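For reference, the chains in residue letters:
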Amino acid sequence: MNKKKFWLAGIAIIILAAILTFYFIQKEQEKKREEARVAVQLVAMGDSLTEGSGDEDKNGGYVGIIETKLAKREDVKSVTTENYGVGGNRIDQLMKRLDTQPDFQKDVKKANAISITIGGNDVMKIVRAKLLDAKKEDFTTANKTFETNLKQLLAEIRTLNPKAPIYVFGIYNPYTTYFSEMKVFDEIISEWNTSTKEILAKMDDTYFISVNKQLEERSSTREGKANPNLSGDLFHPNHSGYAKMADALYQKIVTSIHNGNIK
């Protein structure tokens, strides 16, 4: 073999080695990316906001929307959701279902993400019972009971599942366009949410999701008109409102994925 052929053969070997090295590096990187992708298993529990009441698209409210959003992510391998929302449930009723339903318990154990909507019906129970005679003290007393039950609910979830991040939605005031002058109701909602946040702040991997700004409508031009974020019943979110709830949850879940808390 003359020098020229020897030199060309050497160059070819070097190029082939470089190509093979690049190929195997790419394959290893793809393998690592695939291994890093997570299979999200979300269990959603609570009241009609989890059930999806008012969603005119019949897409399961925020639960259906979050499933679609997460499935589009490169770092998500798959998404499964289990919806344990029941319209009208107060926190004591949710706790009873979790205590007595084996399938519910089984799904909570398997979950690597848990979301909760609860509290709105606990507030509305006072409103419906006393109407205009309701006093702030009535809500304060009910909130204390709710706090006790929330701590117990979270403790039971942690017994079943010590590691999954828990996301708890706050409650909102659906009456801002029709009863904007009822400032006391705003105070009640604010105090209720504050106490929930304080409870969650003392527990590991539990997160409060505020939806007041997303769902309440406080523009003066909307006074006396329907809230554009709510359905025809003027209480539950419509599809657009649920999309805003899903966006807020999505941001929290993505952070948990990035932090390695959803595996």
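Refer to the structure printed above.
Residues numbered from 1 in each chain as written. Predicted model: local features only at pLDDT ≥ 70, side-chain atom pairs only at ≥ 80, totals over all residues. Heavy atoms only, no water.

Asker: It is not clear to me how the pattern of salt bridges should be interpreted in this structure. Could you clarify?
Answerer: A side chain of one charge can pair with a side chain of the opposite charge if their charged atoms are brought near each other. Under the definition given, this model contains 6 salt bridges. Residue R90 pairs with D92 through a salt bridge whose shortest N-O separation is 3.4 Å. With a shortest N-O distance of 2.8 Å, R218 and E216 are connected by a salt bridge. A residue is classified by how much of its surface remains accessible, and R218, at 47% relative accessible area, is partly exposed. Salt bridges sharing partners connect three or more residues here, namely D186, E216 and R218. (Salt bridge = Lys/Arg side-chain N within 4 Å of Asp/Glu carboxyl O. Buried < 20%, exposed > 50% of the residue type's maximum accessible area, 1.4 Å probe, protein only.)

Asker: Sorry, what's going on with the packing of aromatic side chains here?
Answerer: Summed over all chains, the structure comprises 5 aromatic pairs. Ring plane angle 40° and centroid distance 5.9 Å describe the contact between Y175 and F185, whose orientation is recorded as tilted. Taken as a pair, Y175 in the loop between β4 (166–169) and α8 (183–201) and F185 in helix α8 lie far apart in primary sequence, 10 residues in all. For F185, a relative accessible area of 7% gives the class buried. Just above the ring of Y250 sits the side chain of K69; from NZ or CZ to the centre is 4.5 Å. (Phe/Tyr/Trp six-rings, centres within 6.5 Å; stacked < 30°, edge-to-face > 60°. Helix = DSSP H or I, 4+ residues; strand = E, 2+ residues; numbered from the N terminus. Lys NZ or Arg CZ within 6 Å of the ring centre and 35° of its normal.)

Asker: Sorry, what's going on with the side chain of E147 here?
Answerer: Checked against the element boundaries, E147 lands in helix α7 (residues 136–160). Setting aside residues up to four positions removed in sequence, E147 forms contacts with S195 and I199. (Contact = heavy atoms within 4.5 Å.)

Asker: I'm lost on the nonpolar core in this one. Help?
Answerer: Burial of nonpolar side chains together is a common tendency in soluble globular proteins. One finds M45, F104, V108, I114, I116, L153 and I157 to be the most contacted residues of the largest nonpolar core, which totals 34 residues. Sorting the residues of this core by element identifies β1 (38–46), α4 (91–100), α5 (102–110), β3 (113–117), α6 (120–130), α7, β4 and α8 as the ones contributing at least two each. If one sorts the elements of this core by residue count, α7 sits on top with 8 residues. One finds I65, V211, A246 and I257 within the second-largest nonpolar core, a separate group that totals 30 residues. (Core = buried A, V, L, I, M, F, W, Y, C linked by side-chain atoms within 4.5 Å.)

Asker: How should I be thinking about a nonpolar patch on the surface in this particular structure?
Answerer: On the surface, I11, I14, I15 and I19 cluster together to form a nonpolar patch covering roughly 360 Å² of accessible area. Tracing the backbone shows I19 in helix α1 (residues 3–36). (Patch = residues over 30% accessible without salt bridge, like charges linked within 9 Å, V, L, I, M, F, W, Y side chains within 5 Å. Areas by Shrake-Rupley, 256 points an atom, 1.4 Å probe, with all protein chains shown as cover.)

Asker: Explain the pairing of β4 to me, please; I cannot follow it from the model alone.
Answerer: Regular strands show a simple pattern: their side chains alternate between the two faces of the sheet. The side-chain alternation of β4 yields two buried faces, one formed by I166 and V168 and the other by Y167 and F169. Across 4 bridges, β3 lies against β4 in parallel orientation. Counted as the bridge partner of I116 is V168 from β4. Of the pairings in the sheet, the one linking β4 to strand β5 (residues 206–209) comprises 4 bridges and is parallel in character. Of the residues in β5, the one forming a bridge with I166 is T206. (Pairing = 2+ DSSP bridges.)

Asker: How do you make sense of the environment of I262 when you look at a structure like this?
Answerer: If you trace the backbone, I262 turns up in the segment after α10 (239–258). Its relative accessible area of 1% is what places I262 among the buried residues. Expressed as a C-alpha distance, the spacing of I262 and A111, which sit 151 residues apart in the sequence, is 9.5 Å. When near neighbours in sequence (up to four residues on either side) are disregarded, I262 contacts V38, N112, A113, P165, Y167, I253, S256 and I257.

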